[in-house]
Amino acid sequence: MGIDRRKFLKGAAATAAASTVFSPHSFAQTGNIRWKCATSWPKSLDTIYGGAVSVAERVSAMTDGKFTIRPYEAGELVPGLQVLDAVQQGTVECGHSAAYYYVGKNPALGFATSIPFGLNANEHNAWVYSGGGLELLRGVYDDFGIINFPAGNTGAQMGGWFKKEVKTAADLKGLKMRIPGLGGQVMAKLGVNVQVIPGGEIYLALDRGAIDAAEWVGPYDDEKLGLQKAAKFYYYPGWWEPGPALDLMVGKKAYAALPKAYKEILASACAEANIQMLADYDAKNQAALLRLQKGGTQLRRYSSDILKAGNKAMQELHAENSGKNASYKKVYTPWESYRRSVHAWHQINEKPLLDFNP
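Each value, and the rule that gives it
- Along each chain, the written sequence defines residue order, and numbers are assigned to residues from 1.
- Confidence filtering applies because this is a predicted model: local features only for residues at pLDDT of at least 70, side-chain atom pairs given and counted only at 80 or more, and all residues used for totals across whole chains, interfaces and linings.
- Excluding hydrogens and water, the side-chain figures rest on all heavy atoms present in the structure.
- We call a residue buried when its accessible area falls under 20% of the maximum for its residue type, exposed when it is over 50%, and partly exposed in between, using a 1.4 Å probe and counting protein chains only.
- Strands here mean DSSP runs of E at least two residues long; helices mean DSSP runs of H or I at least four residues long; both are numbered from the N terminus.
- Should any heavy atoms of two residues lie within 4.5 Å, those residues are considered in contact.
- For the purposes of these results, a polar contact is taken to be a pair of N or O atoms within 3.5 Å, where, inside protein, one atom must be able to donate a hydrogen and its partner to accept one; residues adjacent in sequence count only when each atom of the pair is a side-chain atom.
- At least two DSSP bridges between two strands are needed for those strands to be called paired.
- For helices, the axis comes from a line fit to the C-alpha atoms of the stretch in contact; other axes are also lines fit to C-alpha atoms, and the angle between any two N-to-C directions lies between 0 and 180 degrees.
- It is the rotation of the near helix from the far one that decides the hand of a crossing: anticlockwise by less than a right angle makes it left-handed, clockwise makes it right-handed.
- Gly falls in the polar group here, along with every residue not listed as nonpolar (Ala, Val, Leu, Ile, Met, Phe, Trp, Tyr, Cys, Pro) or charged (Asp, Glu, Lys, Arg).
- Each salt bridge in this description consists of a side-chain nitrogen of Lys or Arg and a carboxyl oxygen of Asp or Glu lying within 4 Å of one another.

A. Region of interest: helix α5 (residues 121-130). Inspection of α5 places Ala121, Glu123, His124, Asn125, Trp127 and Val128 among the buried residues, and these make up the whole buried set. Where α5 is buried, its residues meet α4 (110-113), α6 (133-141), β4 (146-153), β10 (245-251), α11 (260-294) and α13 (326-349). For α5, the side-chain oxygen to backbone nitrogen distance between the N-cap and asparagine 122 is 3.1 Å, and the N-cap itself is asparagine 120. Residue glycine 132 follows α5 closely and has a positive phi angle near 85°.

Listed below in C-alpha cells is the structure:
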C-alpha cells in the first residue's frame, strides 16, 4: 500500500511533539509567542525558502497558532548574507541560512553546511543525528549565542555555470566566480577570483560580466534564477557541496524563553523540514535538468585534473585551519574519522549497486 510521505512526516512530527505536552489545555495557558525569521533566500526559490516556511507552518499547526514564526526573504529585514549576524545581535529571534556563508567568522562553521569532497546528504544527517555532529556544531555556534537545528538539505549540488569551458585546473586561474564557503577558499587556492553574492543577485552579475562563472544549487533552482540565460556550460559534480545542509539559527536567549513543549515542537518541525527539502529537490531536479538541456544548456563533467587539484587544495586547507583554529580541529578530527568509516561502508553497500544500475 502506498504511503503519503508528507502526511506521514507531519503525523510523526506531531506525535513526537504531542508526547511532550502534559495537558490538552497547556497551549491555552501559554501566552502567544511571535518570532521573526530572517532568511538568505528570495521567495521565488520556493524549495529552499520553503524550508523556513515549512518550519513556521508546522510550529503554528502543532501549537494551535500560539507560537508563530514569520519568515522574511533575503533583504526584507536584513541582507541575505547577514542572517547569522541578525540572530546574534537579537534583531530577529531566528534565521534560516547556510552556515558556510560565515566561515570568515569561524571556518568550522563550514562543517554545518558542507565540506568539499565530504559527506552526502544521508551521511551528513547520520553524522549530525547519530555521530555526535550536532553536539560539535552547537559548540561552534555557541560562541555566537546561537543554537542550531538542521532544517533542510539540497542534496548533492551541481558544479556551476561557466561562460566558457574549463578543461584543466590551469583554466580556472583568473576566473571571477561566485562560490561561498570552504569551496570558495579551495577555488581561491586554484587561482579563482572568488566572490560571494546572494542568490537573487547572481543572474545579473553573470549576465553583465561582473563574474565569469557561478554556482548556486541545482537544476530546479538554477532554472528559476535564469542562470542558463547567462552561461551555457553547466558543470558537474559539485564537489564542494556533496550534501549541503541548512540551519535554523535560533538566538539562545529567545530559545531559553520557550516552554519545554515548544522547544520540542520546534525541533520536530526542523527535522521534518530537513527531510522534506531533500525529498523535494530529488523529485524536481531531473525534470528541470532535461528542460535546461532542451533549451541549449551543455553539460560538462569536471576533469580528473580539476578534481585532483581541488582535493589537494582541500587537504591543505584542512591542515592550515586545524593548525591555527582550535574549534576547527575539534570538529575536523572526529568528522574525518567518521567520513572515512561511512565511505568505507558505502563502498560496500551503496556504490556497487549505483554503478551497476542503468
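B. Inspection of unusual backbone geometry at higher detail. Residues tyrosine 236 and proline 237 are joined by a peptide bond in cis, for which omega reads -5°. Checked against the element boundaries, proline 237 lands in the loop between β9 (233-236) and β10. Of note in the backbone geometry, aspartate 64 takes a positive phi value of approximately 55° without being a glycine. Examined against the element boundaries, aspartate 64 turns out to sit in the loop between α2 (46-62) and β2 (67-72).

C. Local environment of the pairing of strand β3 (residues 94-97). Burial along β3 is two-sided: Cys94 and His96 facing one way and Gly95 and Ser97 facing the other are all buried. Note that strand β1 (residues 33-39) and β3 share 3 bridges and pair parallel. If you follow alanine 38 over to β3, its bridge partner there is glycine 95. In this sheet, β10 lies alongside β3 in antiparallel orientation, the contact comprising 4 bridges. From the neighbouring strand, histidine 96 faces β10, where its bridge partner is leucine 248.

D. Highlighting the packing of α2 against α11. Put simply, α2 and α11 touch, their axes get as near as 8 Å, and they point 145° apart. The way α2 lies across α11 gives a crossing that is right-handed. For the pair α2 and α11, the contacting residues are Asp46, Thr47, Ile48, Gly51, Ser54, Val55, Arg58, Val59 and Met62 in the first and Ile265, Leu266, Ala269, Cys270, Glu272, Ala273, Met277, Asp280, Tyr281 and Lys284 in the second. The class makeup of the residues in the contact of α2 with α11 is 11 nonpolar, 3 polar and 5 charged.

E. Representation of the pairing of β9 within the structure. The pairing of strand β5 (residues 161-162) with β9 spans 2 bridges and is classified as antiparallel. Directly across from phenylalanine 162, in β9, lies its bridge partner phenylalanine 233.

F. Summary view of the environment of tyrosine 220. You can see tyrosine 220 is positioned in helix α9 (residues 219-225). C-alpha separation for the pair tyrosine 220 and glutamine 286, spaced 66 residues apart in sequence, amounts to 8.1 Å. Setting aside anything within four residues of it in sequence, one finds tyrosine 220 in contact with Asp46, Thr47, Lys284, Asn285 and Ala288.

G. Structural context of the pattern of salt bridges. In total, this model carries 14 salt bridges according to the counting rule given. Residue arginine 339 is joined to glutamate 336 by a salt bridge in which the shortest nitrogen-to-oxygen separation is 2.8 Å. Taken together, the positions of arginine 339 and glutamate 336, both in helix α13 and 3 residues apart, correspond to about one turn of that helix. Glutamate 336 shares its class with arginine 339; the two are buried. Residue aspartate 355 is joined to lysine 351 by a salt bridge in which the shortest nitrogen-to-oxygen separation is 2.7 Å. A residue pair is termed a helical-turn pair when its members lie 3 or 4 positions apart in one helix, as aspartate 355 and lysine 351 do in helix α14 (residues 351-356) at 4 residues. Residue lysine 351 is classed as partly exposed on the basis of its relative accessible area, which comes to 37%. Residues joined in a network through salt bridges with shared partners are Lys189, Lys312, Glu316 and Glu320.

Note that all results are geometric; they support no functional claim without further evidence.
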